[in-house]
Amino acid sequence: MADGELVLDRLVHEPGRLAILTVLSAVTDADFVFLQRTTGLTKGNLSSHLAKLEDAGLVTIEKRFVRKKPNTSVALTAAGKRRIGRHWEQLERLKGLADNGPAPSPSAATPARRAAPVRP
């Protein structure tokens, strides 16, 4: 496997953005309050992460009024769906490497033995 295949997408891998993208991958769209509650992010952090994701073309943000109250709706774009999918594939590859990695050396596999206590 080439070294480039082990590189994770830093934009997607950041914990707050990964949480947002994961939630959005499971729904058609979500409003701001729902995203805030499900991710546990503050309003400011969520806004900042959404702006970065929108600038990268991974999400669309629609602001509208619902019953005279402002409402912000967020959805994954096709590019966002591809990027989060690739990210999960990369994590699976890394997990596979960890699961199928080289066998440990015999000295590392055998724990050190303690001397048995001497009984009178």
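Refer to the preceding data block for the structure.
Here is a short report on the structure shown in this document.

Procedures and definitions
- Residues numbered from 1 in each chain as written.
- Predicted model: local features only at pLDDT ≥ 70, side-chain atom pairs only at ≥ 80, totals over all residues.
- Heavy atoms only, no water.
- Axes fitted to C-alpha atoms, helices over the stretch in contact; angles between N-to-C directions.
- Helix = DSSP H or I, 4+ residues; strand = E, 2+ residues; numbered from the N terminus.
- Parallel < 35°, antiparallel > 145°, perpendicular 65-115°, else oblique.
- Left-handed = near helix turned anticlockwise from the far one by under 90°.
- Contact = heavy atoms within 4.5 Å.
- Pairing = 2+ DSSP bridges.
- Buried < 20%, exposed > 50% of the residue type's maximum accessible area, 1.4 Å probe, protein only.
- Polar contact = N/O pair within 3.5 Å; in protein donor to acceptor, adjacent residues only side chain to side chain.

## Things to note about the packing of helix α2 (residues 15-25) against helix α5 (residues 78-99)
Item 1. Remark: α2 packs on α5, axes separated minimally by 10 Å, with the N-to-C direction vectors making an angle of 110°. Comparing the axis directions of α2 and α5 gives the class roughly perpendicular. As for the relative orientation of α2 and α5, their crossing is left-handed in sense. For the pair α2 and α5, contact is made by Leu-18, Leu-21, Thr-22 and Ser-25 and by Ile-84, His-87 and Trp-88, respectively.

## Some words on the sheet that holds strand β3 (residues 69-76)
Item 1. Read from one edge of the open sheet, three strands run β1-β3-β2, paired in antiparallel fashion. Looking at the sheet topology across the chains shown, the edges are occupied by β1 (30-31) and β2 (59-66).
Item 2. Contacts from α2 reach β1, β2 and β3, with the element oriented near 85° to β3.

## What to know about α2
Item 1. Within the span of α2, buried status applies to Gly-16, Arg-17, Leu-18, Ile-20, Leu-21, Val-23 and Leu-24.
Item 2. Put simply, Glu-14 is the residue that caps the front of α2, since its side-chain oxygen is 2.7 Å from the backbone nitrogen of Gly-16.

Fair warning: the whole summary comes from geometry, so function is off the table for now.
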